[in-house]
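Commentary on secondary and tertiary structure
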Amino acid sequence: MRHSFNVDLRGIVDLLSRHLYSSPRVYVRELLQNAVDATTARVQADGASPGRIVIEPRETTGDGTLRIHDSGIGLTEPQVHELLATIGGSSKRDALGLARHDFLGQFGIGLLSCFLVADEIEVVTRGPGDAATVYWHGHADGHYTVSDGPAREEQGTTVTLRARRDFEHWLGTSTVTELARHYGSLLPYEVRVGEERVTAADLPWRARHSDPDERRDVLLRNGAALLGRRPFDVIDLAVPEAGLDGVAFVLPYESHPGEPEAHKVYLKRMLMGERVEKLLPAWAFFVRCVINADELRPTASREQLYEDDLLADTRTALGEQLRAWLVRLAATEPERLRAFLAVHYRGVMALALHDVGMLRIVDEWIEFETSEGRVTLNEFRHRHRTLHVTGGSDEFAQLAGIAAAQGLALVNGGYTYHLEILQRLRLLDADLDVRRLDQAELATRFDPLDPAAEFAAREFLGIARDAVAQHGCEPVLRTFSPAELPVLYLEGREARRAADLRNVLEEAGDVWAEFADDGDGQESGETEQAKPLLVFNHRNPLIARLTSTANARLVRLSVEALYGYALLAGQRAVRPGDVASVNRAFLGLVEHAIHQEPGI
């Protein structure tokens, strides 16, 4: 059996009028939209018809109501029932027989917003020719009446609002004037609030100027009013498929990628919103746009853009225009590009993750932190054919000087986008070798000791091996620069994985203990080759003396202390066992020093 839904019309009205819109202020926009659409329909039918909209605030009507008059096409009684009383059932194209894209909204849905500030809405309208005047009276509880009344002299429509209690100020002159100018200042028809005209001239970016520099200066002044500071630049935008034109202002200050977009968007010259999102690609957070579009669709609340294929294509097209501006700047105004990159390099790098043209700009213009100082990638890769990259800034800070001394080309990949950019360099230079730094590989660059020194240090290495065995690392003796560095803790990728596994098993406790030992006393996942290296620098005077020290206890204490020093210098995680070992070494060395004092 077929049944129909039971619809609570009063609830629907409450839902749409009180929850669809973010603020009561939108009622002025909706009234203007209806008036503009009616006027557009009449102008299309009769090009000689007047295009005029007049709002009378509550102070001027004499009865506390607000009235808005338009010289539009008007409605017949069947159209009143269809457009004003059917929610979601028809569009203006159906009722008026004109193309849907010529209109801003829907009469019925837009009129509901007036219930935000009014309990009653009256519409007096007269259609073309000899059409009778129709009186429509809607109530917030969901019912309406239609009746005859005195004939309206002119074709068009008048909407009257009777304010809800405590909402009278929304119908006052100052509020209505401000809102009408805010939403409707760029409308193509004359709009007045009382005697004051609130519509301006043409769209600012369409205004004619004999001098291009004058036009640019005017637009930059408009941008300064919008941003609070003079923009870095202004870029013309146009997407004919969306009926879109406007400008993008390049921000004079850094904008974070995580900040929401805040673009000023007009639809058919009616302001939709000042904080519209998803107009541009995510990487284009360094501009703020002011645009007008005729074909893009708004959401139901008309405060954001509806996501569809046209918006997606528009977003792509606008991104290409911003990209082209950057390319032109690099080719023609390199000094201005440097100034731009000093503020917005993160935005360009974000774009370079997807665009080879922007990658070239990053390669040529943005300086990276390397083992040879801050240089561009272009310069650095022409000096070195293999680039080693650190995954973090702490690792780079520890190893940059050492890598430079060994002739190893090291780049800091620890900042946002840096690692991804470095990995994409092969798109520009196919023979370039870019690899993550394996610290164990760095040890292979150090010079071995001469045979005599190595033979003399065999007892030292034996004591050191025994001292750090509990820490799972292997001591080695090398010579490297800088000589001021006595010891270095290096952990290769395999050692890092083994250490991570060991930490997980230790935290898990006894229940997983069987997995922590492979039966040979070797911790699971760890081999001799995977162990971290504790590299002693024989070029350092302290280490050189220590290797020839006969006091085994002093050597052991010194090795344990140097192990702790290497962990701290490398900003490594220090485990409880490490802390205990370092404390023991410190106290032992203090005790040894005291006993060396005369008379003790």
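Residues numbered from 1 in each chain as written. Predicted model: local features only at pLDDT ≥ 70, side-chain atom pairs only at ≥ 80, totals over all residues. Heavy atoms only, no water.

With respect to the pairing of strand S10 (residues 244-250)
Using the following cut-off: When a residue's accessible area, from a 1.4 Å probe over protein chains only, is under 20% of the maximum for its type it is buried; when over 50% it is exposed; and in between it is partly exposed. Secondary structure counts use DSSP, requiring at least four H or I residues in a row for a helix and at least two E residues in a row for a strand, with both numbered from the N terminus. Only strands that DSSP links by at least two bridges are regarded as paired with each other.
Within S10, seven of the seven residues are buried, leaving the element largely enclosed by the surrounding structure. What sits between the antiparallel neighbours strand S9 (residues 233-239) and S10 is a turn of four residues, in which Gly 243 has the positive phi angle 60°. Sheet topology places S10 next to strand S13 (residues 287-293); six bridges connect them, and they run antiparallel. The partner of Gly 246 across the bridge, within S13, is Ile 291.

Observations regarding the sheet that holds S10
Where we set the bar: Between N-to-C directions, angles cover 0 to 180 degrees, with each direction set by a line fitted to C-alpha atoms, over the stretch in contact for helices.
One open sheet holds the five strands; their spatial order is S9-S10-S13-S11-S12, and the pairing between them is mixed. Each edge of the open sheet is held by one strand with a lone partner, namely S9 and strand S12 (270-276). The sheet shows a mean angle of 15° between the axes of neighbouring strands, taken without regard to direction. Examined bridge by bridge, strand S11 (residues 263-267) and S12 share four bridges and lie antiparallel to one another. Within S12, the residue paired with His 263 across the bridge is Val 276.

Quick look at the environment of Ser 255
Here is the rule we go by: Contact definition: two residues touch when any of their heavy atoms are within 4.5 Å. Think of a polar contact as two N or O atoms within 3.5 Å of one another; within protein, one of them needs to be a possible hydrogen donor and the other a possible acceptor, and neighboring residues in sequence only count if both atoms come from side chains.
Assignment of secondary structure puts Ser 255 in the loop between S10 and S11. In this structure the C-alpha to C-alpha distance between Ser 255 and Arg 346, which are 91 residues apart in sequence, comes to 9.1 Å. Dropping the residues within four chain positions of it, Ser 255 is found in contact with Phe 285, Arg 288 and His 344. Looking at Ser 255, its side chain comes within polar contact range of the main-chain oxygen of Phe 285, at 3.2 Å.

A word on unusual backbone geometry
Apart from glycine, the bulk of residues carry a negative phi angle, and the bulk of peptide bonds sit in the trans form. Here the amide bond leading from Ser 481 into Pro 482 is cis, since omega sits at 0°, within 30 degrees of zero. Relative to the helices and strands, Pro 482 is located in the loop between strand S19 (474-478) and strand S20 (487-490). Unlike most non-glycine residues, Asp 166 shows phi in positive territory, near 70°. Looking at where Asp 166 falls in the secondary structure, it is placed in the loop between strand S6 (156-163) and helix H7 (173-184). At Tyr 417, a residue that is not glycine, the phi angle is positive and equals roughly 75°. The buried category is assigned to Tyr 417, whose relative accessible area is 18%.

A word on helix H21 (residues 576-595)
What counts here: A helix is expected to span 1.5 Å for every residue after the first. By construction, the arc corresponds to the directions joining the helix axis to the C-beta atoms.
Taking 1.5 Å of rise per residue, 20 residues should cover 28 Å, and H21 covers 29 Å from first to last C-alpha, within 8% of that figure. Of the positions making up H21, those classed as buried are Asp 578, Ser 581, Ala 585 and Gly 588. Seen end-on, H21 carries its buried residues on one side only, within an arc spanning 100°. Exposed residues pointing more than 90 degrees away from the buried face of H21 are listed as Pro 576, Phe 586 and Leu 587. The inward-facing, buried residues of H21 contact helix H20 (552-569).

Concerning the nonpolar core
Within soluble globular proteins, side chains that are nonpolar tend to cluster in buried spots. In plain terms, the rule: We call a set of buried Ala, Val, Leu, Ile, Met, Phe, Trp, Tyr and Cys residues a nonpolar core when their side-chain atoms join them within 4.5 Å.
Leu 322, Leu 326, Leu 337, Phe 340, Phe 368 and Ile 421 are the most contacted members of the largest nonpolar core, which totals 60 residues. Counting 55 residues, the second-largest nonpolar core is a separate cluster that includes Val 26, Ile 55, Val 198 and Val 234.

Side note on the environment of Ala 151
Looking at the secondary structure, you find Ala 151 in the loop between strand S5 (144-147) and S6. Overall, Ala 151 belongs to the exposed group, its relative accessible area being 68%. For the pair formed by Ala 151 and Ala 132, sequence separation is 19 residues and the distance between their alpha carbons is 7.0 Å.

Considering the pattern of salt bridges
Which entries qualify depends on this criterion: We define a salt bridge as a contact between a side-chain nitrogen of Lys or Arg and a carboxyl oxygen of Asp or Glu at a distance within 4 Å.
As enumerated under the stated definition, the model contains 35 salt bridges in all. Two residues, Arg 162 and Glu 122, come together in a salt bridge whose shortest N-O distance is 3.3 Å. In this pair, Arg 162 sits in strand S6 while Glu 122 sits in strand S3 (residues 118-126), placing the two residues 40 residues apart along the sequence. In this structure Arg 162 comes out as partly exposed when scored by relative accessible area, which is 32%. Of the residues examined, Glu 122 reaches a relative accessible area of 22% and is grouped as partly exposed. Where Arg 269 meets Asp 202, a salt bridge forms, and the shortest distance between an N and an O atom there is 3.7 Å. Highlighted residues: Arg 269 in the loop between S11 and S12 and Asp 202 in the loop between strand S8 (196-197) and helix H8 (212-227), separated in sequence by 67 residues. According to the relative accessible area criterion, Arg 269 is buried, its value standing at 15%. When salt bridges with common partners are traced through the structure, they connect Arg 216, Asp 233, Glu 333 and Arg 336 into a single cluster.

Details of the packing of aromatic side chains
So the rule is basically this: Note on ring pairs: Phe, Tyr and Trp rings are taken, using the six-membered ring of Trp, and paired if centres are within 6.5 Å. Classes follow the plane angle, with under 30 degrees stacked, over 60 edge-to-face and the rest tilted.
Under the definition given, this model contains eight aromatic pairs. On the basis of an interplanar angle of 80° and a centroid distance of 5.3 Å, the ring pair of Phe 286 and Phe 340 is categorised as edge-to-face. Of this pair, Phe 286 sits in the loop between S12 and S13 while Phe 340 sits in helix H10 (residues 334-352); the two residues are 54 residues apart in sequence, bridging distant segments of the chain. For Phe 340, a relative accessible area of 0% puts it in the buried group. Judged by centre distance (6.2 Å) and plane angle (70°), the rings of Tyr 489 and Tyr 563 are edge-to-face. In this pair, Tyr 489 is assigned in strand S20 and Tyr 563 in helix H20, connecting sequence segments 74 residues apart.

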